[in-house]
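Inside the fold
What follows is the residue order along each chain.
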Number of protein chains: 2
Amino acid sequence: VSAPKSAAIVTVGSELTEGLRVDTNTAEIARDIQHRGFRVVEAVSVGDDVAGLALVLERLTRVHALVVTTGGLGPTHDDVTREAAAMALGIGVAPDPSLIEFLTPFLARHSDPDAAEQVLTQALVLSGAEVLAPTTGTAAGQVAATPAGVLVLLPGPPREMRPMLASWLSRLPSVRATALDLGVTGLPESDVQLSAQRGLLGHNGVGLTVLARPGDVRVLLLDEGAGESGLASAATSVAAEVGSACYATGGETLAETVVRAAAAAGLTVAAAESCTGGMVCTAITDVAGASSVLLGGVVAYANTAKIDLLAVPPGLLAQFGAVSEQTACAMAQGARDSFGADIAVSTTGVAGPGGGTADKPVGLVWFAVATAHGTHATVRQISSADRSAVRSRATAVALDLLRREILGV
Amino acid sequence: VSAPKSAAIVTVGSELTEGLRVDTNTAEIARDIQHRGFRVVEAVSVGDDVAGLALVLERLTRVHALVVTTGGLGPTHDDVTREAAAMALGIGVAPDPSLIEFLTPFLARHSDPDAAEQVLTQALVLSGAEVLAPTTGTAAGQVAATPAGVLVLLPGPPREMRPMLASWLSRLPSVRATALDLGVTGLPESDVQLSAQRGLLGHNGVGLTVLARPGDVRVLLLDEGAGESGLASAATSVAAEVGSACYATGGETLAETVVRAAAAAGLTVAAAESCTGGMVCTAITDVAGASSVLLGGVVAYANTAKIDLLAVPPGLLAQFGAVSEQTACAMAQGARDSFGADIAVSTTGVAGPGGGTADKPVGLVWFAVATAHGTHATVRQISSADRSAVRSRATAVALDLLRREILGV
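Note that this is a predicted model, so its numbers are computed, not measured. (Residues numbered from 1 in each chain as written. Chains lettered and ligands numbered in written order. Predicted model: local features only at pLDDT ≥ 70, side-chain atom pairs only at ≥ 80, totals over all residues. Heavy atoms only, no water.)

**Regarding the overall build of chain A**
- The secondary structure content of chain A amounts to 15 helices and 17 strands.
- Here the C-alpha radius of gyration of chain A, 28 Å, is well above what a compact globule of 409 residues would show, namely 22 Å.
- Taking the contacts inside chain A whose residues are at least 6 apart along the sequence as the reference set, 66% of them involve residues at least 24 apart.
- Carbon and sulfur atoms make up 54% of the accessible area of chain A, which totals about 15,800 Å².
- The distance from the centre of the 26 positive side-chain charges to the centre of the 39 negative ones in chain A is 6 Å. (Helix = DSSP H or I, 4+ residues; strand = E, 2+ residues; numbered from the N terminus. Rg over C-alpha atoms; globule rule 2.2 N^0.38 Å. Contact = heavy atoms within 4.5 Å. Areas by Shrake-Rupley, 256 points an atom, 1.4 Å probe, with all protein chains shown as cover. Lys, Arg positive; Asp, Glu negative; His and termini not counted. Charge placed at Lys NZ, Arg CZ, Asp CG, Glu CD.)

What follows is the structure, encoded as structure tokens:
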């Protein structure tokens, strides 16, 4: 395996620099070109300004083996990528006969001769460049030689960009095993980072990236010479070092792990949610095929709902409160009974921003898991004042309790 | 109104250049800084490479009045933004006493002394820089002087970045009235665009941007000379032109509109969800204060759950199927009865990717609303083969049915 060649991505459009649209092309292109031996060093978004774009392209085409642009190839006066590329490379543009033929049927749609002329600007091709024919739109792509390699111009709309990129990449040799993606829950990012580094001792040619999300950390192991078997062996070591908090080594989400484990064990699941408000069920039902595992759930937000739908005894609620070990256990048992499920999980806590007390502050969440063998409760104090983060992390804890119960971890 | 000052945004993280995460910070920051007189000229994503980042920062801080970075401020060896900024500006870093005090409680969580030392790297501050205290995480922001203006370092996670940016921006003079943000649901983007353009006829100095999300379109009216009252008058015209599909003119989400309307009317709500799997309840409970409105919900994924928890007659399920007008009505009535709510909404459909038939294809969703005055059903054929998009759009329809019922629209 040779070292990856450097690449840059340039997304063009004032809707990006003005924040009116989130750029998803960069992530998609960055992933796809890795499998052909390129690594993105820099990604740039610029507005529809021909001089500014030309400067960016001149700089990047001098140093990167591959520069990919998206956007600015349409027919309007805002579409400046062809002209900027010509300026950056110091070459001319000329109409391409095959593109003129392709575009001619579209001219009939415009009664305005100016509009028709604008359509034909899409036939202009950089001197010596190869044309990538459009399949889902009217804008053609182009591939031009640069001082350091190639410049590939692609249209901006993802549904036009995607097939054109795939078609161009399919001609290049595939050079790299997909990275391995380990999922970890319940540990801080910095602990996972240290465990992963310990796990990688003695494993050469493996790159490491650790990403944190609320309640979830992902460990990415990249093949930097180790090869497929070296990568798999590194993943085994890292998973062993992280321990039972590592729930997946093949890129699965925590909810996918729960659904697959329950399906494999032939177990059914139910949920009783208070502070997570439906997020545990939402995460599980987001997995295609969840219907073979999840019987259902109750979002018991009001105390009356806990009493009426989950058979939580009113006296217990009055004595211990909704956020308590006792209520969490009663909710899980109630859900297990109501749905006739093998395993039920419950959540009850203070999501905030209001509602916290000295005894039960914002972020305090009780969980319980009920099975045929009994019910056990767990408590977490989630250290965030952010309602959305408390709910996300509580959801991850609930899913992890299900995983551990199903797998006997 | 003076000309906008030039700004650049730098998002740091190999997860971005490797395409493992879509960058949403750039769009958010680009929008927010416009209201303080900055216009983004260039946005750059770079990996966790200190030398590469330093070069980018050196180039951008020489020409832009404002450079904002996100990411790379955490405790791991991947977090290189502080060091790169110091290199770019040719200044040193030193531990800040207030940040050491702030971080000390977090050290106790780490048994490993290396991890504790790493946590303290977050106390390092650029020479002469101002500290932006963290509110939702442990990473502090920094504001440093540059040759052309200022460099603002912000954390990468949006929920940490957002309040810190807002707090810093709040000190700068506002040079432009905040845009008005209208929410529209149930209409295609192109129809909303045309209605908004008609609504703006005769209103001068108002810019228009239309953004589409699954099930939701947002119309942004920007003050380009109209002034505050001109903007408000334009919003009234646009809302009238769009009609009852316009649910908010002050930036509220659809779920917020439902919670506020129900709270104002003193009405309680419940939900019975099949294909949305908890998303309707999740959206409502995401609104702080939802507990005064939502009594709860049942995620009735299995038919047995529909029968046992929502009292859907087994014969009705057998005759018409789970995805039917009859089942949707029975589910809504069952939820209304079980929770004792004023209004209940139900969803039952084929989310995909499997499970579609000629009669009931993927994307077919039945909804019902039950009140004291009766129950009525609605059907939608959602034209997407994507499970997540079908679920999101079905959730928006269910929330909109609640809104229309509560407000009598």
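Still more to cover.
**Digging into unusual backbone geometry**
All names here are of chain A.
- Omega for the bond connecting Gly352 with Pro353 falls within 30 degrees of zero, at 0°, which places this linkage in the cis form.
- Relative to the assigned elements, Pro353 resides in the loop between strand E15 (343–349) and strand E16 (364–371).
- Backbone geometry places Ala311, a non-glycine residue, at a positive phi of 55°.
- With respect to the helices and strands, Ala311 occurs in the loop between helix H12 (303–310) and helix H13 (314–320).
- Since its relative accessible area comes to 60%, Ala311 is described here as exposed. (Buried < 20%, exposed > 50% of the residue type's maximum accessible area, 1.4 Å probe, protein only.)

**A closer look at the nonpolar core**
- With 62 residues, the main nonpolar core has Val10, Leu53 and Leu57 of chain A together with Val10, Leu53 and Leu57 of chain B as its most contacted residues.
- Residues in contact with Leu53 of chain A, not counting those within four places in the same chain, are Val10, Val12, Val46, Val80, Thr81 and Ala84 of chain A.
- Membership of the second largest hydrophobic core comes to 37 residues, among which are Ala248, Val269, Val293 and Ala396 of chain B. (Core = buried A, V, L, I, M, F, W, Y, C linked by side-chain atoms within 4.5 Å.)

**Looking at the sheet that holds strand E11 (residues 216–223) of chain B**
Residues and elements named next belong to chain B.
- Spatially, E10-E11-E9-E12 is the arrangement adopted by the four strands of the open sheet, whose pairing is antiparallel. The sheet terminates laterally at strand E10 (206–213) and strand E12 (246–248), the two strands that pair on one side only. Within the sheet, the average angular offset between the axes of one strand and its neighbour, ignoring direction, is 30°.
- Across two bridges, strand E9 (residues 180–184) lies against E12 in antiparallel orientation. (Pairing = 2+ DSSP bridges. Axes fitted to C-alpha atoms, helices over the stretch in contact; angles between N-to-C directions.)

**Considerations on the environment of Ser167 of chain A**
Residues and elements named next belong to chain A.
- Mapped onto the fold, Ser167 is located in helix H7 (residues 158–169).
- Overall, the relative accessible area of 40% leaves Ser167 in the partly exposed class.
- Residues Ser167 and Ala133 lie 34 residues apart in sequence; the distance between their C-alpha atoms is 9.9 Å.

**Digging into the interface of chain B and chain A**
- Each side of the interface is counted separately: chain B has 67 residues, and chain A has 73 residues.
- Counting the surface lost from both chain B and chain A, the interface buries some 5,300 Å², and carbon and sulfur atoms represent 55% of this.
- The tally of links from chain B across to chain A stands at four salt bridges.
- The shortest N-O distance in the salt bridge between Asp286 of chain B and Arg391 of chain A comes to 3.7 Å.
- Applying the counting rule to chain B against chain A returns 33 residue pairs in polar contact (both at pLDDT 80 or more).
- When its residues are assigned to classes, the side of chain B that touches chain A shows 30 nonpolar, 21 polar and 16 charged.
- When strand E2 (residues 38–46) of chain A meets strand E2 (residues 38–46) of chain B, the two strands line up antiparallel, connected through five bridges. Of the residues in E2 of chain B, the one forming a bridge with Ala43 of chain A is Ser45 of chain B. (Buried area = accessible area lost by both parts, 1.4 Å probe. Salt bridge = Lys/Arg side-chain N within 4 Å of Asp/Glu carboxyl O. Polar contact = N/O pair within 3.5 Å; in protein donor to acceptor, adjacent residues only side chain to side chain. Nonpolar A, V, L, I, M, F, W, Y, C, P; charged D, E, K, R; others polar.)

**Digging into the confidence of the model for chain A**
- Overall, the prediction assigns chain A a mean pLDDT of 92, with 97% of residues at 70 or greater.
- Reported confidences for the modelled complex are a pTM of 0.80 and an ipTM of 0.80. (pLDDT = per-residue confidence, 0-100.)

**Side note on the sheet that holds E15 of chain A**
- Read from one edge of the open sheet, 10 strands run E17(A)-E16(A)-E15(A)-E13(A)-E14(A)-E14(B)-E13(B)-E15(B)-E16(B)-E17(B), paired in mixed fashion. Pairing within the sheet leaves two strands with one partner each, and these edge strands are strand E17 (374–381) of chain A together with strand E17 (374–381) of chain B. For this sheet the average axis-to-axis angle between neighbouring strands, irrespective of direction, equals 10°.
- In this sheet, strand E16 (residues 364–371) of chain B lies alongside strand E15 (residues 343–349) of chain B in antiparallel orientation, the contact comprising six bridges. Bridge pairing in E16 of chain B places Gly349 of chain B opposite Val365 of chain B.
- Where helix H14 (residues 325–339) of chain A meets the sheet, its contacts fall on strand E13 (269–273), strand E14 (294–300), E15, E16 and E17 of chain A together with strand E14 (294–300) of chain B, and the angle it forms with E16 of chain A comes to roughly 40°.

**Examining the pattern of salt bridges**
- Under the counting rule described, the total for this entry stands at 23 salt bridges over all chains.
- Linking Glu130 of chain B and Arg171 of chain B is a salt bridge whose minimum nitrogen-to-oxygen distance equals 2.8 Å. Here Arg171 of chain B lies in the loop between helix H7 (158–169) and E9 and Glu130 of chain B lies in strand E6 (residues 130–132), a separation of 41 residues in the sequence.
- One salt bridge in this structure joins Arg218 of chain B and Asp216 of chain B, with 3.8 Å as the shortest N-O distance.
- On the basis of relative accessible area, Arg218 of chain B is assigned to the buried category, the value being 8%.
- Judged by relative accessible area, Asp216 of chain B falls into the buried class, the value being 12%.
- Each of Glu42 and Arg59 of chain A together with Glu42 and Arg59 of chain B takes part in salt bridges that share partners, so that together they form one network.

**Thoughts on the packing of helix H2 (residues 25–34) of chain A against H7 of chain A**
Residues and elements named next belong to chain A.
- Relative to each other, H2 and H7 sit at 15°, their axes nearing to 11 Å. What the angle tells us is that H2 and H7 run roughly parallel. For the element pair H2 and H7, the recorded crossing hand is right-handed. Residue-level inspection shows Asn25, Glu28, Ile29, Asp32 and Ile33 of H2 in contact with H7, the latter providing Pro158, Met161, Arg162, Leu165 and Leu169.
- Of the residues in the contact of H2 with H7, the class split is six nonpolar, one polar and three charged. (Parallel < 35°, antiparallel > 145°, perpendicular 65-115°, else oblique. Left-handed = near helix turned anticlockwise from the far one by under 90°.)

**A closer look at the side chain of Ser274 of chain A**
Residue and element names in this part refer to chain A.
- On the secondary structure map, Ser274 appears in the loop between E13 and helix H11 (279–285).
- In this structure the side chain of Ser274 is engaged in a polar contact, spanning 3.5 Å, whose partner is the backbone oxygen of Ala300.
- Excluding residues that lie within four positions of it along the chain, Ser274 makes contacts with Ala300, Tyr301, Lys306, Met331, Thr347 and Thr348.

**With respect to the environment of Leu364 of chain B**
Residue and element names in this part refer to chain B.
- Along the polypeptide, Leu364 turns up in strand E16.
- Under the relative-accessibility criterion, Leu364 is labelled buried at 13%.
- Taking C-alpha positions, Leu364 is 8.0 Å from Val323, a pair spaced 41 residues apart along the chain.
- Those residues within four positions of Leu364 in sequence are excluded, and the remaining contacts are Val323, Thr348, Gly349, Val350, Asp359, Val379, Arg380 and Gln381.

**Here we look at helix H6 (residues 113–120) of chain B**
- Inspection of H6 of chain B places Ala115, Ala116, Gln118 and Val119 of chain B among the buried residues, and these make up the whole buried set. Buried residues of H6 of chain B fall within an arc of 160° about the axis and therefore sit on the same side. Exposed residues on H6 of chain B whose side chains face more than 90 degrees from its buried face are Pro113 and Glu117 of chain B.
- In this structure, the buried residues of H6 of chain B make contact with helix H8 (189–199) of chain A together with helix H5 (97–107) of chain B. (Arc of directions from axis to C-beta.)

**Notes on the pairing of E11 of chain B**
Residue and element names in this part refer to chain B.
- With eight of eight residues buried, E11 lies mostly within the body of the structure.
- Burial along E11 is two-sided: Asp216, Arg218, Leu220 and Leu222 and Val217, Val219, Leu221 and Asp223, pointing in opposite directions, are all buried.
- By the bridge criterion, five bridges tie E9 to E11 in an arrangement that is antiparallel. Directly across from Leu180, in E11, lies its bridge partner Leu221.
- In terms of strand pairing, E10 meets E11 through eight bridges, oriented antiparallel. When the bridges of E11 are listed, Arg213 appears paired with Asp216.

**Focus on the pairing of strand E1 (residues 5–12) of chain B**
Residues and elements named next belong to chain B.
- With six of eight residues buried, E1 is to be regarded as a mostly interior element.
- Sheet topology places E1 next to E2; eight bridges connect them, and they run parallel. Residue pairing in the sheet places Ile9 in a bridge with Ala43 of E2.
- Bridging between E1 and strand E3 (residues 66–70) involves five bridges; their strand directions are parallel. Paired with Thr11 across the two strands is Thr70, which belongs to E3.

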